[in-house]
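For reference, the chains in residue letters:
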Amino acid sequence: MALLEVKNLTVEFGSEDKPFRAVDSVSYSVDRGEVLGIVGESGSGKSVSSLAVMGLIDFPGRVTADALTFDGQDLLTMPAKRRRQITGKDIAMIFQDPMSALNPCFTVEAQIMEALKVHEGGNKKQRRERTLDLLNQVGIPDPKSRMTAYPHQLSGGMSQRIVIAMAIACNPRLLIADEPTTALDVTIQAQIIDLLLKLQEDSDMGLLLITHDLALVSEAANRIQVMYAGQLFESGPADSIFAAPRHPYTQALLEALPERSEGHDRLRTIPGVVPGQYDRPAGCLLAPRCRYANENCVKARPEVSDFNGRDVRCFYPLNDQGQPTGMATGETV
Amino acid sequence: MLGFLFRRLGDIIPTFFGVTLLVFFLIRLIPGDPILMLAGERGVDAERYAELQAQYGFDQPIIVQYFDYLVGVFQGDLGKSFVTKKPVIDEFLTLFPATVELALMGILFAVFIGVPLGVLAAINRGKWIDHLTMSISLTGYSMPIFWWALLLIMFFSTTLGWTPVSGRLSVMYFFEPVTGFMLIDSLLSGEKGAFSSAVSHLILPTIALGTIPMAVIARMTRSSMLEVLGEEYIRVARAKGLAPFRVIMVHALRNALIPVITVIGLQVGVLLGGAILTETIFSWPGIGKWIIEAMNRRDYPTIQGGILMIAFVVMTMNLIVDLLYGVVNPRIRHKR
């Protein structure tokens, strides 16, 4: 049984009769010891879906799913109090911007010890020792003096290490990292990712790595899930997705990587932006931006289907040569 | 920290000069001659009038009078009241505890009602509870103190008979003041019922005086709280699995209180101003009532001294609030 099982997760905002679907029937699962990468542009619903797993979607947001289970326990139907015992202990999350993730009014020590107090108990001395261990573990130099520091005295990379220490304090079995390196310096990014992967390996955690950095997931993730405008577009093993993308969107994303643009004058981009609440196309959500889209794509919305062992949401999945299949030639609009 | 303290003290000196200047010249702009006021209806003949003018120094040019006054102030001499002939500073110190007691209760009322109301409104944003608390606070804010005080007296004292109409203590009790604070003195006196009498005399003036600051604090708390609740660290706190109550009362409120404390500091001035009205209506023997009476009699030294002292208290309070700021906000503490 998978550690985290998400089936047809939908998150809606706005009025009941005309809701905006930030996440639209997304399914995935994470096993223990596995790294699942979720990639997509801004506004693709990556963060919202993970917040839903954490139970942090507030009214008026509505979360529905056919299944949302952690270790066999249904997260959606359990009482709020029971769920809080799981969040922060068994499932922990790291947020995007470390500088705003720490409460400016409390010391590092107080913020880490708080999570320990709620979930593990123990006395103050034990908690303090454990905090010191954690700071050592996440590679903070001179941890003793950092214990009593306030967040504004720390650099971005240091703050993110603290945030990670806070998240792994109670030995979670699943760690959700929501763009953990976006707000950081390039030189620090690699260190933080290495740290996360080391922690994941050491304790056999499941890791849900949300990012828009393809290079990063290519190295880190076992499986990849590509999201677009709240929908799952393609999912499969990391290496095979990189070797042969089946969805035109994945293909375009990969082509936009600088290292794949060699021989081109300019970096290749995907024109347009992710559709928002008011400009959602009637057909395939990618249709206005897809280079292969035809009339059928504009009219009808594709479902997720199996193509060569991969889940792809496209009428004309790409073959190994990167050409759409099942389409009459010259049909594109 | 120490440097900051000295800088702020340095700011106080010019402000203090400004206040003396304003007070001294403004009262002299009010029509009415203190000597004629003292003389009353029978009047005074020209010879005696000139004599009295010389005695009070009114025959000197006004600039000279001002400098004489200033020299006195810097020697700690605020002059003697024209009416009672007692040193102004002595009268002030006798009456001040009554005002402090009232103002302190007023600010406690404002904080202990205003902050929870603001928090309640913020966490129920857009719901009826938010609308209700914000209407209450808007009404409270727009209510003139004298009218609100009269309404309170009419309802609670006259109609219901729950509280006394005026004064600080029932006439049944008498004891020598020790601290000047009736709540403490009545306890020290050991007289039975004295304390509850003091409390019941305090209730209505406290509400009348504390309503406006309460409204301001409630609104400030609400908006500051709403801002903080949208912060990422609140989400992080929830992601730790903390109970909602702890997230709000510890993680959010602590941060939300930072601007509220500034507002509380500013309300001290409002409170002392409001005390003048409140004390007059409730016959509360404090600074406010004392200054109003002095104004009616054109008792220049008392008005000058009283206002100067109030200004001094307000400035000191603001300084204390600024220092307190660092205690709540670690970011400021380390910068100084």
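What you see is a predicted model, and the numbers here were worked out from it, not measured in a lab.

Analysis parameters
Residues numbered from 1 in each chain as written. Chains lettered and ligands numbered in written order. Predicted model: local features only at pLDDT ≥ 70, side-chain atom pairs only at ≥ 80, totals over all residues. Helix = DSSP H or I, 4+ residues; strand = E, 2+ residues; numbered from the N terminus. Contact = placed C-beta atoms within 7 Å. Rg over C-alpha atoms; globule rule 2.2 N^0.38 Å. Buried ≥ 20, exposed ≤ 12 C-beta atoms within 10 Å, placed from the backbone. Nonpolar A, V, L, I, M, F, W, Y, C, P; charged D, E, K, R; others polar. UniProt positions renumbered as here; feature names shortened; annotations may be inferred. Pairing = 2+ DSSP bridges. Axes fitted to C-alpha atoms, helices over the stretch in contact; angles between N-to-C directions. Core = buried A, V, L, I, M, F, W, Y, C linked by C-beta atoms within 7 Å. Parallel < 35°, antiparallel > 145°, perpendicular 65-115°, else oblique. Left-handed = near helix turned anticlockwise from the far one by under 90°. pLDDT = per-residue confidence, 0-100. Right-handed = clockwise from strand over helix to strand, strands pointing away. Expected span 1.5 Å × (residues − 1). Bend = angle between axes of the 7 residues up to and from the residue.

Draft legend 1. Representation of the overall build of chain B within the structure. Across its full length, chain B holds 14 helices and zero strands. Taken from N to C terminus, the helices and strands of chain B fall in the order α-α-α-α-α-α-α-α-α-α-α-α-α-α. Projecting the C-alpha coordinates of chain B onto the three principal axes gives extents of approximately 85 × 55 × 40 Å. When contacts within chain B are restricted to residue pairs at least 6 apart in sequence, long-range pairs at least 24 apart make up 72% of them.

Draft legend 2. The arrangement of the overall build of chain A in detail. A count of helices and strands for chain A gives twelve helices and 13 strands. On C-alpha atoms alone, chain A measures out to a radius of gyration of 21 Å, which is about the 20 Å that the 2.2 N^0.38 rule sets for 333 residues. For the C-alpha atoms alone, the extent of chain A along its principal axes is close to 70 × 50 × 35 Å. The 333 residues of chain A split such that 44% are buried. In chain A, once contacts between residues fewer than 6 apart in sequence are set aside, the share between residues at least 24 apart is 64%.

Draft legend 3. View of the interface of chain A and chain B. Between chain A and chain B, the residue contacts involve 23 residues of the former and 18 residues of the latter. At the level of elements, helix H2 (80-86), helix H3 (98-101) and helix H4 (108-119) of chain A are the ones that each hand at least two residues to the side of chain A that touches chain B. When residues in the side of chain A that touches chain B are grouped by element, the largest group, four residues, is from H4(A). Of the residues assigned to the side of chain A that touches chain B, the class counts are eleven nonpolar, eight polar and four charged.

Draft legend 4. Layout of the UniProt feature "transmembrane region" (unreviewed entry) in chain B. Residue and element names in this part refer to chain B. Those residues carrying the UniProt feature "transmembrane region" (unreviewed entry) are residues 12-30, 102-124, 145-165, 198-218, 256-277 and 305-328 in this numbering. Along residues 12-30, the helical share is 95% and the strand share 0%, with 27 Å between the first and last C-alpha atoms. Between the first and last C-alpha atoms of residues 256-277 the distance is 32 Å; the span itself is 100% helix and 0% strand.

Draft legend 5. Looking closely at the sheet that holds strand S3 (residues 35-39) of chain A. All names here are of chain A. Here we have eight strands laid out as an open sheet, ordered S7-S8-S9-S3-S10-S11-S13-S12, and mixed in their pairing. In the strand order of this sheet, the two ends are held by strand S7 (91-94) and strand S12 (305-307), each with one partner. When the angles between neighbouring strand axes are averaged without regard to direction, this sheet yields 20°. Two strands pair when backbone bridges link them, and S7 and strand S8 (residues 174-178) are joined in this way by four bridges, in the parallel orientation. Residue pairing for S8: isoleucine 91 is matched across the bridge by leucine 174.

Draft legend 6. Local environment of the nonpolar core. All names here are of chain A. Counting 95 residues, the largest nonpolar core has Ala165, Leu175, Leu208 and Leu209 as its most contacted members. The element contributing the most residues to this core is helix H7 (residues 156-168), with eight residues. Beyond its immediate chain neighbours, meaning those up to four positions away, alanine 165 contacts Ile112, Leu134, Leu135 and Val138.

Draft legend 7. Fine view of the environment of A:Pro288. All names here are of chain A. The topology assignment puts proline 288 in the loop between helix H11 (248-255) and helix H12 (295-299). Given 16 C-beta atoms within a 10 Å radius, proline 288 is considered partly exposed. Taking the C-alpha atoms as reference, proline 288 lies 9.8 Å from valine 274; in sequence the two are 14 residues apart. Setting aside chain neighbours within four positions, we find proline 288 in contact with Gly272 and Pro281.

Draft legend 8. Expanded view of the UniProt feature "domain: ABC transmembrane type-1" (unreviewed entry) in chain B. UniProt tags residues 96-325 of chain B as "domain: ABC transmembrane type-1" (unreviewed entry). Annotated as residues 96-325 of chain B, this span is 80% helix and 0% strand, and its ends, taken at the C-alpha atoms, are 26 Å apart.

Draft legend 9. Spatial organisation of the packing of helix H5 (residues 88-123) of chain B against helix H13 (residues 300-328) of chain B. Residue and element names in this part refer to chain B. Where H5 meets H13, the axes come as close as 10 Å, and the angle between the chain directions of the two elements is 50°. Here H13 runs oblique to H5, going by the angle between their axes. With respect to the hand of their crossing, H5 and H13 are arranged in right-handed fashion. Counting all contacts with H5, which are made through Val88, Ile89 and Phe92, the residues of H13 involved are Pro301, Thr302, Gly305, Gly306 and Met309. Taken together, the residues of the contact of H5 with H13 sort by class into five nonpolar, three polar and no charged.

Draft legend 10. Representation of unusual backbone geometry in the model. The backbone of A:Asn308 shows a phi angle near 50°, a positive value even though the residue is not glycine. Looking at the secondary structure, you find A:Asn308 in the loop between S12 and strand S13 (310-312). A tally of 13 C-beta atoms within 10 Å means that A:Asn308 is categorised as partly exposed. One non-glycine residue, B:Ser283, lies in the positive phi region at around 45°.

Draft legend 11. Region of interest: the confidence of the model for chain B. Residues and elements named next belong to chain B. When the pLDDT values of chain B are averaged, the result is 85; 99% of them are 70 or greater. Considering each helix and strand of chain B separately, the mean pLDDT is smallest for helix H14 (residues 330-335), with a value of 65, and largest for helix H6 (residues 128-142), with 91. Taken over the whole predicted complex, pTM reads 0.81, whereas the ipTM for its chain interfaces reads 0.85.

Draft legend 12. Broad picture of the pairing of strand S9 (residues 206-211) of chain A. All names here are of chain A. Most of S9 is tucked away, with six of its six residues classed as buried. Alternating residues of S9 divide into Gly206, Leu208 and Ile210 and Leu207, Leu209 and Thr211, and every residue in both groups is buried. As paired strands, S3 and S9 are joined by five bridges and run parallel to one another. Bridging across to S9, valine 35 finds its partner in leucine 207. Across five bridges, the pairing between S8 and S9 is parallel. Looking at S9, one finds that aspartate 178 is bridged to isoleucine 210. Chirality of the crossover, the property in question, places the unit of S8, helix H8 (residues 186-203) and S9 among those that are right-handed.

Draft legend 13. Region of the structure containing the environment of B:Leu209. Take B:Leu209: it is sitting in helix H9 (residues 194-229). Beyond its immediate sequence surroundings of up to four residues, B:Leu209 is in contact with B:Leu102, B:Gly106, B:Leu271, B:Gly274, B:Ala275 and B:Thr278.

Draft legend 14. Examining the packing of helix H7 (residues 145-159) of chain B against helix H11 (residues 244-281) of chain B more closely. Residues and elements named next belong to chain B. The contact between H7 and H11 brings their axes to 9 Å, and the two run at 35°. Read as a crossing pair, H7 and H11 show a hand that is right-handed. On H11, the residues touching Ile145, Phe146, Ala149 and Leu150 of H7 are Gly274, Leu277, Thr278 and Ile281.

Draft legend 15. Representation of H5(B). Here H5(B) contains 36 residues, and its C-alpha end-to-end distance of 50 Å stays within 8% of the 52 Å for a straight helix at 1.5 Å per residue. Taken as a whole, H5(B) carries its principal kink of about 35° at B:Leu95; the proline B:Pro97 stands between one and four residues after it.

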